Amino acid sequence: MERSELEPTLALVAERARAYLATLDEAPLHGPGFEEAAWRLDAPFPDEGDGSLAVLERLLGEGLDASVASAGPRNFHFVTGGVTPAALGADWVTSLLDQNSFAWIESPLGAQLERTAIAWLLDLFELPSEWGGVLTTGATMANFTALAAARRWWAGRHGVDADAEGLTGLPPVPVFSSGYVHATAVKAVGMLGMGRGRVTTFTRDEVGRLDAEALERALEELGGAPAILIGNAGEVNAGDFDPIPTLADLAYAYGAWLHVDGAFGLFARATPEAAHLAEGVERADSVIADGHKWLNVPYDCGFAFVRDPSQLPPIFHATAAYLPEADEERPNVGLSGPESSRRARSIAVWATLAAYGRRGYRELVERNLEHARHLAARLDEAPELERLADPQLNIVPFRLRPDGIPDGELDDLNTRLGEAVLADGRVYFGTTRYAGQVCFRPAFVNWRTREADVDLLVDVVRELGAGLVR
Ligand SMILES: *Cc1c(COP(=O)(O)O)cnc(C)c1O
């Protein structure tokens, strides 16, 4: 029965995809009652299935009602990329072929495209071609992968093979960063058994900027013992950067490992316009970025790069009698990262890089930077909106600050405005706390976004804000 349903099921998906994509540019982020639609999907496990065609009909009906049009051009929440046509097509092919990109013998295609994708990404980010890396599910696991290499190095400095012996008997691992450190880097440190609470941040202001002198004093106090530094290339509230060259100097001077979290900020290196923000990353020991943000490939995809790629297999290898041996020509790419059986996410990465090339990505990043500048200019024209930072890259924090509202009420007002924006759904972005104030942090990373979408963002905020103040 399923063999005969396959063709109509795929035809249905293709037809609905065409309709969905045709309206994606103008569609609201969600329909009314999208959360209720999600809750309605809660149902007991059926004894008898309905068959693929009926289920896909339901998924593309009721299921769609519960979705957010996150690939669309007006989603400025988190740092949410869209999906390029090449990446979408390639992602469908990835499921069609159902490659296990673990061992070469299961998928020469997936393994070779992963090698090619990593090499092309190093090129895009102007990182040394001798570096290596691995594709992961996202920046969290990329941080985990790179910090596992840092942990191995750190324990090695103490004469211990941490991957064989663990960390027992070793002193606590000093992990130092600025206030910009991302929650998932801290999470990765925790998952690696180094202790979330061991991450010490050195900040000189309420925004979280690095206090390099305090960091240097802490390194000095270690008296030559090794440490791990986490530099942040692109923090999530205002798109600001740690001074990576300073961190690299300190890492060299004190013999520390420098890891850089560049989940989206590493893309600054794709354009001469912004490359200075992320200068010095080439001096790091490891660096990561996300694919599902600025590369605009579907979830889930991230990249971990390391200066010395031979550090990864000793951490992530697994041996069993039935597992094939790897060699230079036939790598088992799954043995350089935390997952074993894994999706061939290299296919979409390769396809989008091949389709648009260096110039396509430079233009995409530059266009999104222009969106941030345009938003800043529109905010400055609106008397009731207050911009809280200059656009460094692609994120502009701002808040509603109308005349006649006492300062003490602004956090509450902006919290309610943030809720109103999400409920309205014409545009989408979240609230944060920046320099102690509740504000918004729209981010631009989607290839579909146009200037008119940025204008709509401002118009919606002003309209909903006026409604709340009234
Ligand atoms: C998004 C982000 C992460 C986490 O990425 P995931 O893809 O959600 O795992 C880590 N660091 C920074 C700076 C980010 O912006």
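Numbering of residues starts from 1 in each chain and follows the order in which that chain's sequence is written. In view of the model being predicted, local features appear only for residues whose pLDDT reaches at least 70, and side-chain atom pairs are presented and counted only at 80 or more, with totals across whole chains, interfaces and linings using the full set of residues. Heavy atoms from the whole structure form the basis of all side-chain values; hydrogens and water molecules are not counted.

Visitor: Describe empty space enclosed by the protein, with residues and values.
Guide: For each structure, a 1 Å grid was placed over the protein atoms alone; sets of points admitting a 1.4 Å probe that cannot get out are labelled cavities, open sets with protein on both sides within 12 Å along at least five of seven lines are labelled pockets, and lining residues have an atom within 4 Å of a point. Grid points are joined across faces, edges and corners, and a volume is the space filled by probe spheres set on the points. Enumeration according to the criterion identifies one cavity of 30 Å³ or more in this entry. Taken together, Asp 91, Thr 94, Val 297, Pro 298, Tyr 299, Asp 300, Cys 301, Arg 343, Ala 344, Arg 345, Ala 348 and Val 349 make up the full set of residues lining the largest cavity. Those elements that place two or more of their residues in the lining of the largest cavity are helix 4 (85–97) and helix 12 (346–381). Residues are sorted three ways: Asp, Glu, Lys and Arg are charged, Ala, Val, Leu, Ile, Met, Phe, Trp, Tyr, Cys and Pro are nonpolar, and all the rest, Gly among them, are polar. Grouping the amino acids of the lining of the largest cavity by side-chain chemistry returns seven nonpolar, one polar and four charged. We count a stretch as a helix when DSSP gives it H or I for four or more residues in a row; a strand needs E for two or more, and each element gets its number in order from the N terminus.

Visitor: Give a description of helix 3 (residues 52–65) that names residues and reports values.
Guide: Multiplying one less than the number of residues by 1.5 Å gives the expected span of a helix. Spanning 14 residues, helix 3 covers 19 Å between terminal C-alpha atoms, matching the ideal 20 Å at 1.5 Å per step. Think of it this way: the bend at a residue is just the angle between two axes, each fitted to seven residues, one set ending at that residue and the other starting at it. Leu 59 marks where helix 3 bends most, by close to 30 degrees. With a 1.4 Å probe rolled over the protein chains alone, any residue whose accessible area is under 20% of its type maximum counts as buried; one over 50% counts as exposed, and the rest are partly exposed. What helix 3 keeps buried is the set Ser 52, Leu 60 and Gly 63. Residues of helix 3 that are buried make contact with helix 1 (2–23). Contacts: residue pairs with any heavy atoms within 4.5 Å of one another.

Visitor: Outline the domain arrangement of the protein chain, supporting the account with residue identities and numerical values.
Guide: Looking at the assigned domains, one finds that the protein chain contains domain 1 (3–69), domain 2 (89–356) and domain 3 (359–469). Here the limits of each domain have been adopted from an automatic or database domain assignment. Computed over C-alpha atoms, the centres of domain 1 and domain 3 are 31 Å apart. On the domain 3 side, the residues contacting the nine residues of domain 1 number ten residues. Together domain 1 and domain 3 conceal approximately 690 Å² of surface at their shared face, both sides included; 45% is due to carbon and sulfur atoms. Summed over both partners, the accessible area (1.4 Å probe) lost when two parts come together is defined as the buried area. Per-residue buried area on domain 1 facing domain 3 is highest for Asp 25, Leu 29 and His 30; these three make up 63% of the total on that side. Criterion for a salt bridge: a side-chain nitrogen of Lys or Arg within 4 Å of a carboxyl oxygen of Asp or Glu. On the surface where domain 1 and domain 3 come into contact, there are three salt bridges. Residues Arg 448 and Asp 25 are paired through a salt bridge, measuring 2.9 Å at the closest nitrogen-oxygen approach. Here a polar contact is taken to be a pair of N or O atoms separated by no more than 3.5 Å, where protein atoms must pair a possible hydrogen donor with a possible acceptor and residues adjacent in sequence count only if both atoms sit in side chains. The tally of links from domain 1 across to domain 3 stands at five residue pairs in polar contact (both at pLDDT 80 or more).

Visitor: Got a sec to walk through the packing of helix 5 (residues 108–124) against helix 12? Specific residues and values, please.
Guide: Here an axis means a line fitted to C-alpha atoms, over the contact stretch when the element is a helix, while the angle between two N-to-C directions is reported on a 0 to 180 degree scale. Between helix 5 and helix 12, whose axes approach to 8 Å, the crossing angle comes to 30 degrees. Here helix 5 lies roughly parallel to helix 12, going by the angle between them. Crossing of helix 5 over helix 12 shows left-handed handedness. Contact residues: helix 5 offers Leu 109, Gly 110, Leu 113, Glu 114, Thr 116, Ala 117, Trp 120, Leu 121, Asp 123 and Leu 124, while helix 12 offers Ser 346, Ile 347, Val 349, Trp 350, Leu 353, Ala 354, Arg 358 and Tyr 361. Here is the rule for angles: anything less than 35 degrees is roughly parallel, anything more than 145 is roughly antiparallel, 65 through 115 is roughly perpendicular, and the remaining ranges are oblique. Crossing handedness is read from the near helix: turned anticlockwise from the far helix by less than a right angle, it gives a left-handed crossing, and turned clockwise, a right-handed one.

Visitor: Outline the layout of surface pockets, supporting the account with residue identities and numerical values.
Guide: Roughly 810 Å³ of internal volume is contained in the largest pocket. Secondary-structure elements contributing two or more residues to the lining of the largest pocket are helix 5, strand 1 (132–136) and helix 11 (312–316). Element by element, the count of residues in the lining of the largest pocket is highest for helix 5, at five residues. In the lining of the largest pocket, the residues fall into 16 nonpolar, eight polar and six charged.

Visitor: Which residues make up unusual backbone geometry, and what values do they have?
Guide: Residue Tyr 299 is joined to Asp 300 through a cis peptide bond whose omega torsion reads -5 degrees. The topology assignment puts Asp 300 in the loop between strand 6 (286–290) and strand 7 (302–306). We note that Glu 126 has phi near 50 degrees; this positive angle belongs to a residue other than glycine. By the element assignment, Glu 126 lies in the loop between helix 5 and strand 1.

Visitor: How would you summarise the site of the ligand if you had to cite specific residues and measurements?
Guide: Note on definitions. A residue lies near a molecule or strand when any single heavy atom of the residue is within 4 Å of it. Around the ligand there are 13 residues in total, and Thr 140, Asp 261, Asp 290, His 292 and Lys 293 lie nearest to it. Residue His 182 places a side-chain N or O atom 3.4 Å away from a nitrogen atom belonging to the ligand. For the shell around the ligand, a count of residues per class yields four nonpolar, six polar and three charged.

Visitor: Please set out the pattern of salt bridges residue by residue, giving values where relevant.
Guide: All told, the structure shown has 40 salt bridges when counted by the stated rule. When the shortest N-O distance is used, the salt bridge between Arg 74 and Glu 26 registers 3.1 Å. Of this pair, Arg 74 sits in the loop between helix 3 and helix 4 while Glu 26 sits in the loop between helix 1 and helix 2 (34–40); the two residues are 48 residues apart in sequence, bridging distant segments of the chain. Arg 450 is paired through a salt bridge with Glu 26; the nearest N and O atoms lie 3.2 Å apart. Note that Arg 450 is positioned in the loop between strand 11 (437–440) and helix 14 (451–469) and Glu 26 in the loop between helix 1 and helix 2, a separation of 424 residues in sequence. Residue Arg 450 is classed as partly exposed on the basis of its relative accessible area, which comes to 28%. Here the salt bridges share partners, and the residues they tie into one network are Asp 25, Glu 26, Arg 74, Arg 448, Arg 450 and Asp 453.

Visitor: Report on the pairing of strand 4 (residues 228–232), specifying residues and quantitative values.
Guide: Within strand 4, five of the five residues are buried, which leaves it mostly tucked inside the rest of the structure. Classification remark: right-handed applies to a crossover when, strands pointing away from the viewer, the course from the first strand over the helix to the second runs clockwise. Handedness of the crossover is the feature at issue here: the chain leaves strand 4, passes through helix 10 (residues 244–254), returns alongside strand 5 (residues 257–261), and the resulting connection is right-handed.

Visitor: So what's going on with the sheet that holds strand 1? Residues and values would help.
Guide: Here a strand pair is declared whenever DSSP counts at least two bridges between the two strands. The seven strands are arranged 1-7-6-5-4-2-3 in an open sheet whose pairing can be described as mixed. Either end of the sheet is taken by a strand with one partner, and the two such strands are strand 1 and strand 3 (199–201). Adjacent strand axes in the sheet meet at a mean angle of 20 degrees, parallel and antiparallel pairs treated alike. As defined by bridge partners, strand 4 adjoins strand 5 across five bridges and the pair is classed as parallel.

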